[in-house]
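Each chain, written out:
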Amino acid sequence: MSTKLLALSLSLCFLLFSSCFALREQSQQNECQLERLDALEPDNRIESEGGLIETWNPNNRQFRCAGVALSRATLQRNALRRPYYSNAPQEIYIQQGNGYFGMVFPGCPETFEEPQQSEQGEGRRYRDSHQKVNRFREGDIIAVPTGIVFWMYNDQDTPVIAISLTDTGSSNNQLDQMPRRFYLAGNQEQEFLRYQHQQGGKEEQDNDGNNIFSGFKRDFLEDALNVNRHIVDRLQGRNEDEEKGAIVKVKGGLSIITPPERQARHPRGSRQEEDEDEDEKEERQPSHHKSRRGEDEDDKEKRHSQKGESRRHGDNGLEETVCTAKLRLNIGSSSSPDIYNPQAGRIKTVTSLDLPVLRWLKLSAEHGSLRKNAMFVPHYNLNANSVLYALKGRARLQVVNCNGNTVFDGELEAGRALTVPQNYAVAAKSLSDRFTYVAFKTNDRAGIAKLAGTTSAINALPLDVVAATFNLQRNEARQLKSNNPFKFLVPPRESEKRASA
Amino acid sequence: MSTKLLALSLSLCFLLFSSCFALREQSQQNECQLERLDALEPDNRIESEGGLIETWNPNNRQFRCAGVALSRATLQRNALRRPYYSNAPQEIYIQQGNGYFGMVFPGCPETFEEPQQSEQGEGRRYRDSHQKVNRFREGDIIAVPTGIVFWMYNDQDTPVIAISLTDTGSSNNQLDQMPRRFYLAGNQEQEFLRYQHQQGGKEEQDNDGNNIFSGFKRDFLEDALNVNRHIVDRLQGRNEDEEKGAIVKVKGGLSIITPPERQARHPRGSRQEEDEDEDEKEERQPSHHKSRRGEDEDDKEKRHSQKGESRRHGDNGLEETVCTAKLRLNIGSSSSPDIYNPQAGRIKTVTSLDLPVLRWLKLSAEHGSLRKNAMFVPHYNLNANSVLYALKGRARLQVVNCNGNTVFDGELEAGRALTVPQNYAVAAKSLSDRFTYVAFKTNDRAGIAKLAGTTSAINALPLDVVAATFNLQRNEARQLKSNNPFKFLVPPRESEKRASA
Amino acid sequence: MSTKLLALSLSLCFLLFSSCFALREQSQQNECQLERLDALEPDNRIESEGGLIETWNPNNRQFRCAGVALSRATLQRNALRRPYYSNAPQEIYIQQGNGYFGMVFPGCPETFEEPQQSEQGEGRRYRDSHQKVNRFREGDIIAVPTGIVFWMYNDQDTPVIAISLTDTGSSNNQLDQMPRRFYLAGNQEQEFLRYQHQQGGKEEQDNDGNNIFSGFKRDFLEDALNVNRHIVDRLQGRNEDEEKGAIVKVKGGLSIITPPERQARHPRGSRQEEDEDEDEKEERQPSHHKSRRGEDEDDKEKRHSQKGESRRHGDNGLEETVCTAKLRLNIGSSSSPDIYNPQAGRIKTVTSLDLPVLRWLKLSAEHGSLRKNAMFVPHYNLNANSVLYALKGRARLQVVNCNGNTVFDGELEAGRALTVPQNYAVAAKSLSDRFTYVAFKTNDRAGIAKLAGTTSAINALPLDVVAATFNLQRNEARQLKSNNPFKFLVPPRESEKRASA
């Protein structure tokens, strides 16, 4: 039975997406002959009514080499990032905050339905229905496929900060390398447009809106949507202040059909549950936002009647279909780490083995946290470019290219991003009590090869090869193979521990 | 058993073709920063003895962005398009006419065999055999893989018109983006060569032929083929008039080993059969051309003895092998549509789910027919570039880019082609009683996302998100989500219907 | 059970490698509009202490079109090619010699272990262990995946000559087209660096080493490796003579843990064994090098206790896992050919069907040997670029492009390489008693289409199509289809045989 469902899901995956084995484009000629990398801050800032979008220049050579674009969105309370889609897959890391997001999968049913109202006096009222809405929380990775409409909303007091990597080098992108946002609404310039103009000659056009509807003539939209001119004007962003922007303030907050938040009612079983289903934790968190309709219903009943609900109680196979595919996974500091040493730090990765949708996006990510003076050992990415974004604290990083040159030796501090191209060696040492970072990688099964530690390339070589290779005595080669008892994270030396204590 | 055959076919697919998951190249830098699209006519015309090849300039920016080349061949009665192969996969749509085509799959057996002759007096005569020959008819899509030799022949009075899209952006093409035709015979210039010269400097060489044999020295060919100099000269196209060209006239018509055309003998069962096997219909059409040898044989007996014949009676699994893979499917107006509204029109698509060979080519197609004043709603291609070619009538089209700019607002009339890049929004309204078009798409599972109608992105959003996004009252948002009861094709308004009646 | 193991191996393949369906990049714009090809010799030569590396300029247009880089390494007796990795997959052909090679697969266990020493007086001594070491011999193809550390060693008197093709156009390479070697040790310039400088401006940096460790600061390495400054200096190649180079001399020879060489003890069964497992033959060859520890052990016992050993006795499924994947196959003159005609010659190919690891690399190869005046018929590569490297003797080759122009008509002599782009037609005639070559192909299932012989494209066409296409009488077309009774290799004519006898 589960085989059948898997087969179904695979065929659906082929149905909806161009390819389940999407690959990446190579960098343009000479783009990767980088003699120097920089830890970059965003260089542009676009204010919106409800928040802020900051972008890094995608024409910067280190981003062109990696074939990616980076941006950061900040959403204030009750702010909605209006729906948009991109010409390339996106991986979004939630640096801070909680909220809701939704995506539109063409052809999928609207599975969230407004319940029947009890007041039947006024006859059959309009009952809303829409595709699934998801909750996100700090530390989540959200995967947004190419061309899929995405929106997000902050229903909390804490501003939401979301870092987004757009993989323009993906073969899912059949246009050129420029990242593009297609907005469904508003009158704001798409955030990467200014970089496009830097390259070609700008031909400023006289238009009354910058969204995907604004380019159609009114009569076309009136016919296609069967609505009046007033609504069409709103769709086209006419008469709208450009300053409103891509992130709008929702007065009184948004009312969405969502299941009620579960309370942590059963503390006995909670620990176990957490291990099994750690990324559902947020649904047990206290929340300021309540869906109005959901409250009316009995919690238990909903579990059985609502499809979106059923996912909580173990995988049933159907969750593998595209329409209900899991789109987020928590890799933040509160999730259970993959690599852990209390004195050194913790690492958690998400690949397509953890979050299958990443197989279509060909992206993965890693979240790391290093204690003061702890290191991650020199290593390189086997099959991916990597963009390291510092979330908290600062660390000293070194990156080396194929000529043995140091292309980066400096500090990476919170809010800055550093590209580590494929096969370039990199090592880091934390300068803060907690240096945390997220690394976006351009391969859904990104792998690394270590150059130090018990599982390093040196340790896999025969002793005599090590001795001959490095021009060492055999006993020195033995030291090289055995002195470091750690694998990836190296805790600070005793002297450093005392100094920092 | 069928599992075994499928396994066999899959391994064969790997055997013969580079990859069953061929992907596409990205466009070169900035190629897709298009501020204006054009509905283009062919800009070059090469007359041949038996017909005509027209080409669109593949260096035109909108084709370079889409990574495709377009051409149109016209074959008069008894005209043979001489065998050639290309460095990229081709999708051919038969706009008009009927005829035969063949492809050569290296390593596959010659399954069409000439029968034993009854006159045994002269001993064992030469009996010809060759690979399968297929019949095509108006409305067919023919899939031609990279490097596969292809020929076609018109045995009817009506000229054959064939539109061909060559996907030079396919990763099956390991050369550069320039489309190339490698002719097996003749002395004509390959049709895309002139565009190549526009780019590099032309170094005119002194050669006596332009086909793949003409570049070899005579002694090489004499040795390799073991034939006399006269035949080698013919192979090399020497002494041949360049005007003869790629399409030659066959005096007296071509005699090919093919099964006899089936007559519509059983009108009772015909309707049902049509539904099951609609694209075999043409074999029941009256035909001027008869294979000479086929007539001698009993129809019934052949069904069991000939391999090509057995395919008509349900799939037997073996038809999945590469050697006998289905290479054509009818999507024309006479085929059963996928989307249908008698007042609005009809749409039929072919993807790799309908025609498995398209999985190797990474191409699909759509045939549409719109009644006067009917629309297809604003939508975008999720994962493909699209080239729209108008077959009949004319329509008003609008295309919008990521900046909300109208990159096309004009008429597309029969014989012109318009590129719609990935994710660009497009809508159309027919200006003729019947506007018909074919759209070639650069993905074997091309998907669209609608921006209006009951299955649109707007309808998949929560009501409050729609209201907040478009700055609408909730009741206006309700109108936007529910006023248009149609999905993809919108019939003309009542007023327009009356006007056009 | 074997299904389970296969499933395991497949998931491992996904685990470790970016993609099991890696594809190739297209050539940059106009790179393949080649009017002339050349049979090229290496144009640069870097001497090392223990040998020599020669390179072809990868910026040469015919290599840029094919997206590959070529180099040739010569290792003297007791020479070690120091460990390095590349940004693209490599296919290495052993033109001459025997020796050992190793690769490091990150995450795989160290399965070759030093046995317990009998002298237990001094307590538990350091026991070395490392990943598998393989033996290679003349005629082997070795497949080196992207980013995987590789080393090789010559333990014989005959110098080892290894031709390496690096497929920079592979989509496994996410950097630009420039081939890169990342050395783990030494102070020599990586061999393709000089070509990089030709393109960009060289910014000579002041560095004391050119390996992947030399760019890290000393304190970083001391912390990461927990070794003293002296060892770090050696790692970084400081104080090392640059002339030592990438290939070093090992004084007294290398001692590696390897199974003892099998002797040809059972001549009765040997013939059969050879057929089944031909490429293990070298292990029965007499060898100058003996692993010191291996000799102590009983041969029979080892077969059961050592994992590396077990592979010899039939496939057990586990050999399919990445960690123990077969990485070499012999296609040399001593292996059993795929195409054979005693008067014409022999051809052997290796594809991903023979050596599954090639499926990740998307490369294959062909070894051919032609007798004097024998030909291989005009043919083209369906789905691959090909680089022909002459091993012995010389031949006349002709290559024809899509315009019918001769882009090459000349001799290819031992030591020179000629690129044959996808779909270009090529034919050859041997001018030596034995012309042998190896062809590297940029597709793991490279296929060819013949233009002459009984399985050619001409033979697959209907007789009347041949006649009409080539403007021939029907009896001439019959000659063309039937006169050459050979398939791929054509023996010399009788007259030539006598002449050369």
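Residues numbered from 1 in each chain as written. Chains lettered and ligands numbered in written order. Predicted model: local features only at pLDDT ≥ 70, side-chain atom pairs only at ≥ 80, totals over all residues. Heavy atoms only, no water.

- An unreviewed UniProt entry lists chain A under the name Legumin type B, with Vicia faba given as the organism.
- Per UniProt, the comment on chain A under Subunit (unreviewed entry) is "Hexamer; each subunit is composed of an acidic and a basic chain derived from a single precursor and linked by a disulfide bond."
- One UniProt comment on chain A, placed under Sequence similarities (unreviewed entry), says "Belongs to the 11S seed storage protein (globulins) family." (UniProt positions renumbered as here; feature names shortened; annotations may be inferred.)

**Considering the relation of the copies chain B and chain A**
So, step 1. Expressed as a screw transformation, the operator carrying chain B onto chain A has a rotation angle of 120° and an axial translation of 0.0 Å, and the superposed copies differ by an RMSD of 0.0 Å. This pairing of chains is accounted for by a three-fold axis.
So, step 2. The share of interface residues of chain B whose copies in chain A are also at the interface is only 6%, consistent with the copies meeting through different surfaces. (Least-squares fit on C-alpha atoms with pLDDT ≥ 70 in both. Contact = heavy atoms within 4.5 Å.)

**Comments concerning the sheet that holds strand E17 (residues 345-350) of chain C**
All names here are of chain C.
So, step 1. Taken in spatial order, the six strands of this open sheet run E16-E17-E18-E25-E20-E23, and their pairing is antiparallel. The open sheet is flanked by strand E16 (339-341) and strand E23 (417-420), the only strands paired with a single partner. Strand-to-strand twist across the sheet, computed as the mean angle between neighbouring axes with direction ignored, equals 15°. (Pairing = 2+ DSSP bridges. Helix = DSSP H or I, 4+ residues; strand = E, 2+ residues; numbered from the N terminus. Axes fitted to C-alpha atoms, helices over the stretch in contact; angles between N-to-C directions.)

**Section: the pattern of salt bridges**
So, step 1. One pass over the structure, following the stated rule, counts 84 salt bridges over all chains.
So, step 2. Between A:Asp38 and A:Arg36 there is a salt bridge, and its shortest N-O distance comes to 2.9 Å.
So, step 3. Residue A:Arg36 is classed as exposed on the basis of its relative accessible area, which comes to 60%.
So, step 4. In this structure, the salt-bridge partner of B:Asp140 is B:Arg328, at a minimum N-O distance of 2.7 Å. With B:Asp140 in strand E10 (residues 140-144) and B:Arg328 in strand E15 (residues 328-330), the pair connects residues that are 188 residues apart, well separated along the chain. Residues B:Asp140 and B:Arg328 agree in their burial class; the two are buried.
So, step 5. Through salt bridges that share partners, A:Arg45, A:Glu47, A:Glu54 and A:Arg72 make up one connected network. (Salt bridge = Lys/Arg side-chain N within 4 Å of Asp/Glu carboxyl O. Buried < 20%, exposed > 50% of the residue type's maximum accessible area, 1.4 Å probe, protein only.)

**Structural notes on the pairing of strand E21 (residues 394-400) of chain B**
Residue and element names in this part refer to chain B.
So, step 1. Counting buried residues along E21, five of its seven residues qualify, which places the element largely inside the surrounding structure.
So, step 2. As defined by bridge partners, E21 adjoins strand E22 (residues 406-413) across seven bridges and the pair is classed as antiparallel. What sits directly across from Val-400, in E22, is Thr-406.
So, step 3. Once E21 ends, the chain turns through five residues before running back antiparallel as E22, passing Gly-404 with a positive phi of about 80°.
So, step 4. Two elements, E21 and strand E24 (residues 425-430), share six bridges in a ladder whose sense is antiparallel. Considered in E24, the bridge of Ala-395 is made with Ser-430.

**Brief notes about the relation of the copies chain A and chain C**
So, step 1. Of the two same-sequence chains, chain A is brought onto chain C (RMSD 0.0 Å, axial shift 0.0 Å) by a rotation of 120°.
So, step 2. Different-surface contact between copies: only 6% of interface residues of chain A are shared with the interface of chain C.

**Section: the confidence of the model for chain A**
All names here are of chain A.
So, step 1. Overall, the prediction assigns chain A a mean pLDDT of 82, with 78% of residues at 70 or greater.
So, step 2. Note on residues 1-22: pLDDT is under 50 here. Beyond four places in sequence and across chains, it has 51 contacts.
So, step 3. In the predicted complex, the global pTM is 0.87; the interface-specific ipTM is 0.85. (pLDDT = per-residue confidence, 0-100.)

**Thoughts on the interface of chain A and chain C**
So, step 1. Contact residues are listed per partner, giving 79 residues for chain A and 90 residues for chain C.
So, step 2. Here chain A and chain C share an interface that buries about 7,100 Å² over both sides, 55% of which is from carbon and sulfur atoms.
So, step 3. Counting every contact that joins chain A to chain C gives four salt bridges.
So, step 4. One salt bridge in this structure joins C:Asp219 and A:Arg396, with 3.6 Å as the shortest N-O distance.
So, step 5. Of all elements in the fold, only strand E19 (375-381), strand E21 (394-400), strand E22 (406-413), strand E24 (425-430), strand E26 (448-450), helix H10 (457-460), helix H11 (463-470) and helix H12 (474-482) of chain A reach the threshold of two or more residues within the side of chain A that touches chain C.
So, step 6. The greatest single-element share of the side of chain A that touches chain C, amounting to seven residues, is contributed by H12(A). (Buried area = accessible area lost by both parts, 1.4 Å probe.)

**Examining the interface of chain B and chain A**
The accessible area lost on association of the parts is a frequent measure of interface size.
So, step 1. In this assembly, 79 residues from chain B lie in contact with 90 residues from chain A.
So, step 2. Between the two partners, chain B and chain A, sit four salt bridges.
So, step 3. Going through the elements one at a time, strand E19 (375-381), E21, E22, E24, strand E26 (448-450), helix H10 (457-460), helix H11 (463-470) and helix H12 (474-482) of chain B are the ones with two or more residues in the side of chain B that touches chain A.
So, step 4. Counting residues per element, the side of chain B that touches chain A draws most heavily on H12(B), at seven residues.
So, step 5. Looking at the side of chain B that touches chain A, its residues break down into 35 nonpolar, 26 polar and 18 charged. (Nonpolar A, V, L, I, M, F, W, Y, C, P; charged D, E, K, R; others polar.)

**Some remarks on the UniProt feature "domain: Cupin type-1" (unreviewed entry) in chain A**
So, step 1. Per the UniProt record, "domain: Cupin type-1" (unreviewed entry) is annotated on residues 37-233 and 329-478 of chain A.
So, step 2. The span residues 329-478 of chain A carries 14% helix and 46% strand; its end-to-end C-alpha distance comes to 42 Å.

**Digging into the packing of aromatic side chains**
So, step 1. All told, the structure shown has 39 aromatic pairs over all chains when counted by the stated rule.
So, step 2. With a centroid separation of 5.7 Å and 5° between ring planes, the pair formed by A:Phe376 and A:Phe488 is classed as stacked. With A:Phe376 in strand E19 and A:Phe488 in the loop between H12 and strand E27 (489-490), this residue pair connects regions lying 112 residues apart in the sequence. Neither A:Phe376 nor A:Phe488 differs from the other in exposure class; each is buried.
So, step 3. Each ring, one from B:Tyr85 and one from B:Phe182, has its centre 4.8 Å from the other, and the planes form 0°; the classification is stacked. Taken together, the positions of B:Tyr85 in strand E4 (residues 79-86) and B:Phe182 in strand E13 (residues 181-183) put the pair 97 residues apart, joining distant regions of the chain. B:Phe182 carries the same exposure label as B:Tyr85, and that label is buried.
So, step 4. Among the aromatic residues, those joined into a cluster by ring pairs are A:Tyr84, A:Phe101, A:Phe136, A:Phe150 and A:Tyr183.
So, step 5. The positively charged end of B:Arg135 is found above the aromatic ring belonging to B:Tyr100, 4.6 Å away from the centroid. (Phe/Tyr/Trp six-rings, centres within 6.5 Å; stacked < 30°, edge-to-face > 60°. Lys NZ or Arg CZ within 6 Å of the ring centre and 35° of its normal.)

**Here we look at the state of the cysteines**
So, step 1. Scanning all chains against the criterion turns up six disulfides over all chains.
So, step 2. Through a disulfide, A:Cys32 is tied to A:Cys65; the S-S separation comes to 2.0 Å. Judged by the torsion about the S-S bond (105°), the A:Cys32/A:Cys65 disulfide is right-handed. One end of the pair, A:Cys32, is in the loop between helix H1 (2-16) and strand E1 (44-47); the other, A:Cys65, is in helix H2 (residues 61-66), and 33 residues separate them in sequence.
So, step 3. Judged by its relative accessible area of 1%, A:Cys65 falls in the buried class.
So, step 4. With no disulfide of its own, B:Cys402 lies closest to B:Cys32 among cysteine sulfurs, the gap being 11 Å. (Disulfide = S-S within 2.5 Å.)

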